[in-house]
Every structure is written in C-alpha cells, then in structure tokens.
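What follows is each chain in one-letter form.
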Amino acid sequence: PLRSLQCRLHPRCASSSSSEGSSDSPIVDEKTWARFLRDFRAPPFDAPPRNWEEDFMYVRTAGVVSETDTDTGEVRAAQIRTPRLSKPKDNDEWKKRLIANVVYYRSNYAWIGLALLAMHWMSISFSLAAAVMCGGVALVLARPTLRNAYAYHLDTKHVARAGLGPDMGTLSPAAENLRKLDGRNAATVVAGIGGVAFATARADLRSTAVAAVCALLASALAVLVHATLRPLSLGASVEKAASALKSAKSREELKEVLKDGVEGLGAWAKDAVSRASEERKGFFFINKVVGGGGAAGDAGAGAAQQQQAQESEPQRRSLGDADGAIDVDASPGRKRGALPPGSS
C-alpha cells in the first residue's frame, strides 16, 4: 500500500506502474504538471490582482429587501450580496478548480501571503510588520502596472461615492497624483524606510523565522481553501487557452491545445448552468411597509388593502370567468358571460 501511494504521487513511478498493469492512476500526471508550470510562468510577475469582490470572492446578488413608506410614498430597496463559493461535486472538478484558480488568482494569493506575513511578524515586533508593509508599497510604486491598477481602483471608489452629487463625472485627485508620481524614486525612498525598520527591529532570528514559516503555512491553507471553493471562471478558461495557443510550436501541440480549450470551456459552461439554477432557486425578495407609527401604519395599510380588495370583488366576479380570471377587454357595461350555477 505504501508503494502504491508513492507511485500515485510521483508521475514517473505512476507511468511505470501503469505499464506493469496496475489500476492506480496518478493524482497529477506529468503532462498536467508541465502544463500547470507553463501556465503559471506565462503571466508577468507584476500582474495586478483580480477584483477582490466580484471576481475573487465571487460575490453575487442573493436577494432584494425593499421598504415602502406609506407617509411619504418613498420606496427604498437594497441588494443583499453574498459570496457564491461552493464545494466541488467530485474529484475531477476539484482538480480542475485547483489548477485553474492557482494560475488565475496567483497575484491575489501573493498579496494574501504578504498580509499574513505582516500579521505574524506584528506579534513579534511592529518594526517587522512595518518593513513588510513598506515593501508592498514600494512594489506598487515601482511597477507601472500595479500603480495604474491601484489608481483605477481609487477612481472607481471616487465615482461610486460621488453618485449624482457635485463631484459627479470627476476622477479621484489621489489617483491623478499617483499616475504623475515618479514611481521609481518614490519606491526607493519607501524601500529604504522599510529596510531601516527591519534593521532596527528588536526580534531574534529564531522567532522571526518561525513566524515566517507559520505565515507560509497559513498562506498555503488559504490558497487551498479558496482554490477549492471558487467555481471555474470564464476568464481563467480563456486566459489558459490563449496562453497555450501562444506556446504551441507544432501541429500536434496545436490540436492538443484546442482540445483542452474546448474541454475547459465546456466544463465552465456546465458548471455555470448548474450554478445559475441554484442561484435562481435561492433568490429572495422581502418587502416591508413602514409609516404611520410603525406597527399601526402596517395595520392601517393592511386594512386599506383588504377594504379595497372587498370593494373590487363584485366587479371582478362580474367580469371574470369561473376561475376568477379577469378579461382586460371587458368593461362594466358589457358582460362577457354568465356565471356558472351555484356561484354568488
């Protein structure tokens, strides 16, 4: 049993054992591992992270809560948004999610690891945490792609806060200053401050290393949990197919890439259809009536609706059929049919 488990984990041993007639299949074969490394190295190392809310956490609208004020006639509504993470249905779907998400969200995972390192080092010395934060800021300032991505994030937040107010249609002043900033010189200054903070930190080497290892293990656990629960993304499937097409060097590789791309898009479409059905079943709508002194207003509004329904009942029955359906073409002066016997 031990040798069988080792063969399943090791690609080369798994291939040799399969040639001997063993029925065990490797968890990750050599070809899949090579594709994973190719796709992982394809994006630039300074690629900005994906959208944290819409894309990374897969936040969607779960329902709507509305409130009607009977005194003013105002209707207010708010969306309830929750993450739509879900566990995979089988082992095959889990492997597809794990491989695709680790490649697609690797920048997000890197920033999560940096934040966890700062949190673990903060328990030892604040100077160590400050050094990590200065390193992250210096990285954002030094790379134009990260700097522009953060400026765009500031613009979107500014536009959302402005709404229909006097600042509508304007961009964030902080984002404009960030775009005009000399990133390399600013990054050098911030990195120097971080280096001074790291050098002056009062912490022994052993505790610092232990905290770094704990942060690494916590980051690996966070990656495993998110990559398992995050459903397949269309962007991940398309980006993987585009990266594979660029690296294809022969006709056989091109055929294999196209086959994998079609299978990836098919898996995403199948998963998207099942998730859309589940989300539609779980959607909810809550309506609340307020005004007129709270509960009294609710009772008054309910009594008014009941009285209106009673007043319109004779006319509805005179215009309707046996099932109570209303003919929109009928009028009070023209009866479309007699009521069935026994109706009153």
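Residues numbered from 1 in each chain as written. Predicted model: local features only at pLDDT ≥ 70, side-chain atom pairs only at ≥ 80, totals over all residues. Heavy atoms only, no water.

**Q** Looking at this structure, how should I read the pattern of salt bridges?
**A** Think of it this way: side chains of opposite charge can pair up when their charged atoms draw near. All chains considered together, the criterion is met by ten salt bridges. For the salt bridge of D92 with K96, the shortest nitrogen-to-oxygen distance reads 3.5 Å. Of this pair, D92 and K96 both sit in helix 5 (residues 91-104), four residues apart, which is roughly one turn of that helix. Residue class for D92 comes out partly exposed when judged on its relative accessible area of 42%. Three or more residues are tied together by salt bridges with common partners; here these are E53, E54, R60 and R81. (Salt bridge = Lys/Arg side-chain N within 4 Å of Asp/Glu carboxyl O. Helix = DSSP H or I, 4+ residues; strand = E, 2+ residues; numbered from the N terminus. Buried < 20%, exposed > 50% of the residue type's maximum accessible area, 1.4 Å probe, protein only.)

**Q** Quick question: what am I supposed to make of the packing of aromatic side chains here?
**A** Pairs of aromatic rings are described using the distance from one ring centre to the other and the angle between the two planes. What the rule picks out here adds up to five aromatic pairs. Note on W121 and F198: the rings are 6.1 Å apart at their centroids and 40° apart in plane angle, and the pair reads as tilted. Of the two residues, W121 is situated in helix 6 (residues 106-122) and F198 in helix 10 (residues 183-199); the sequence distance between them amounts to 77 residues. Exposure remark for F198: the relative accessible area of 45% places this residue in the partly exposed category. One aromatic cluster in this structure is built from W52, F56, Y104, Y105 and Y109. Above the ring of Y104, the side-chain terminus of R50 is found at 3.9 Å from the ring centroid. (Phe/Tyr/Trp six-rings, centres within 6.5 Å; stacked < 30°, edge-to-face > 60°. Lys NZ or Arg CZ within 6 Å of the ring centre and 35° of its normal.)

**Q** Any chance you could explain unusual backbone geometry here in plain terms?
**A** Peptide bonds are mostly trans, and most non-glycine residues show a negative phi. The backbone of Y58 shows a phi angle near 55°, a positive value even though the residue is not glycine. With respect to the helices and strands, Y58 occurs in the loop between helix 4 (52-56) and strand 1 (59-69). With relative accessibility at 8%, the residue Y58 sits in the buried group.

**Q** Even after reading the chapter, I still don't get a nonpolar patch on the surface, so can you show me in this structure?
**A** On the surface, V65, I80, F284 and I286 cluster together into a nonpolar patch covering about 280 Å² of accessible area. Its location among the elements puts V65 in strand 1. (Patch = residues over 30% accessible without salt bridge, like charges linked within 9 Å, V, L, I, M, F, W, Y side chains within 5 Å. Areas by Shrake-Rupley, 256 points an atom, 1.4 Å probe, with all protein chains shown as cover.)

**Q** Would you take a moment to explain the packing of helix 6 against helix 11 (residues 205-229) for this structure?
**A** Axis angle and axis distance: for two packed helices, these are the angle between their axes and the distance between the axes, and together they describe the pair. Their axes nearest at 8 Å, the elements helix 6 and helix 11 cross at an angle of 145°. Considering only the axes of helix 6 and helix 11, their crossing is right-handed. Within the contact between the two elements, helix 6 uses Y109, G113, L116, L117, H120 and W121 and helix 11 uses T208, A211, A212, C214, A215, A218, S219, V223, H226 and A227. Here the contact of helix 6 with helix 11 is composed, by residue class, of eleven nonpolar, five polar and no charged. (Axes fitted to C-alpha atoms, helices over the stretch in contact; angles between N-to-C directions. Left-handed = near helix turned anticlockwise from the far one by under 90°. Contact = heavy atoms within 4.5 Å. Nonpolar A, V, L, I, M, F, W, Y, C, P; charged D, E, K, R; others polar.)

**Q** Explanation requested: the sheet that holds strand 3 (residues 284-290) in the structure shown.
**A** Strands pair in a sheet through their backbones, by hydrogen bonds, and they do so in one of two ways: parallel or antiparallel. Read from one edge to the other, the open sheet built from three strands follows the order 2-1-3, with strand pairing classed as mixed. Of all the strands in the sheet, just strand 2 (75-83) and strand 3 have a single pairing partner and so form its edges. Across the sheet, the mean angle from the axis of one strand to that of its neighbour is 20°, orientation sign disregarded. (Pairing = 2+ DSSP bridges.)

**Q** So what exactly am I meant to see when it comes to helix 5 here?
**A** Two residues of an α-helix separated by three or four positions point the same way, owing to the 3.6 residues in each turn. Counted at 1.5 Å a residue, the expected span for helix 5 with its 14 residues is 20 Å, and the 20 Å between its end C-alpha atoms agrees. Those residues of helix 5 that sit buried are E93, R97, A100, N101, V102, V103 and Y104. (Expected span 1.5 Å × (residues − 1).)

**Q** How do you make sense of the environment of A42 when you look at a structure like this?
**A** In this structure, A42 sits in the loop between helix 3 (30-41) and helix 4. Looking at A42, the relative accessible area reads 44%, which means it is partly exposed. A C-alpha to C-alpha distance of 9.6 Å links A42 and K246, two positions 204 residues apart in sequence.

**Q** Help me understand the side chain of D155 in this model?
**A** Of note, D155 is situated in helix 8 (residues 144-162). Residue class for D155 comes out buried when judged on its relative accessible area of 7%. Beyond its immediate stretch of four places on either side in the chain, D155 contacts L171, S172, A175 and R179.

**Q** Honestly, the pairing of strand 2 in this entry has me stumped. Any pointers?
**A** Where a strand is regular, its side chains alternate between the two sheet faces. For strand 1 and strand 2, the ladder comprises nine bridges, and the chain directions are antiparallel. Counted as the bridge partner of V64 is Q79 from strand 2. Between strand 1 and strand 2, which pair antiparallel and follow one another directly, the connecting turn spans five residues, one of which, G73, has a positive phi of 75°.

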